[in-house]
Amino acid sequence: MELIKKHPILEFQHGKQVTFTFDGKEMTGYEDEPIAMALHANGVRVYRVTPEMHRTRGFFCAIGKCSSCFMVVDGVPNVRTCVTPLKAGMKVETQQGKGLVPMEVE
């Protein structure tokens, strides 16, 4: 994992280490850090593919104002991973297109 461990101004305090999956691959991160931070530390740079132009997007603004970090988290599409805290056992997936979930037919 790539993490900043020492900084001349900022202090880093991590929660406990947890496991989660990204596109079916088990990874580790720290509880309550943004999902995007855990993905970045594990070398993941592509979070979604745009619907019209099919372009890849990844970590960009880091404050929840853009849509670059939208991913499917625990089956929910369009989750802003830069501001959503990581929890143990989360299932994170690359979002394709608009991330629409098909409606269940009863």
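Whatever comes next refers back to the structure up there.
What you are looking at is a predicted structure, and each value in this text was computed from that prediction instead of being measured. (Residues numbered from 1 in each chain as written. Predicted model: local features only at pLDDT ≥ 70, side-chain atom pairs only at ≥ 80, totals over all residues. Heavy atoms only, no water.)

### Things to note about the sheet that holds strand β4 (residues 56-57)
Within a sheet, neighbouring strands are paired by backbone hydrogen bonds and run either parallel or antiparallel to one another.
Line of reasoning, step 1. Within the open sheet, the three strands sit side by side as β4-β3-β8. Their pairing is mixed. The open sheet has two edge strands with one neighbour each: β4 and β8 (95-96).
Line of reasoning, step 2. Where strand β3 (residues 48-49) and β8 come together, two bridges link them in parallel fashion. Counted as the bridge partner of V49 is Q96 from β8. (Pairing = 2+ DSSP bridges. Helix = DSSP H or I, 4+ residues; strand = E, 2+ residues; numbered from the N terminus.)

### Points about the pairing of strand β2 (residues 25-30)
Line of reasoning, step 1. Bridge count for strand β1 (residues 17-22) against β2 is six bridges, and the pairing is antiparallel. The residue bridging V18 from the neighbouring strand is G29, located in β2.
Line of reasoning, step 2. The hairpin turn running from β1 into β2, its antiparallel successor, is two residues long, and D23 in that turn takes a positive phi close to 50 degrees.

### Overview of unusual backbone geometry
Line of reasoning, step 1. A positive phi angle, near 50 degrees, is found at D23, a position not held by glycine.
Line of reasoning, step 2. We classify D23 as partly exposed; its relative accessible area is 44%.
Line of reasoning, step 3. The phi dihedral of A62 is positive, around 65 degrees, even though this residue is not glycine.
Line of reasoning, step 4. Its location among the elements puts A62 in the loop between β4 and β5 (70-73).
Line of reasoning, step 5. By relative accessible area, A62 is classed as partly exposed at 37%. (Buried < 20%, exposed > 50% of the residue type's maximum accessible area, 1.4 Å probe, protein only.)

### A closer look at the state of the cysteines
Line of reasoning, step 1. For the coordinates displayed, the defined rule picks out zero disulfides.
Line of reasoning, step 2. Of all cysteine sulfurs in the structure, the one in C82 sits closest to C69, which takes part in no disulfide; the separation is 3.7 Å. (Disulfide = S-S within 2.5 Å.)

Just distances and angles here, no functional claims.
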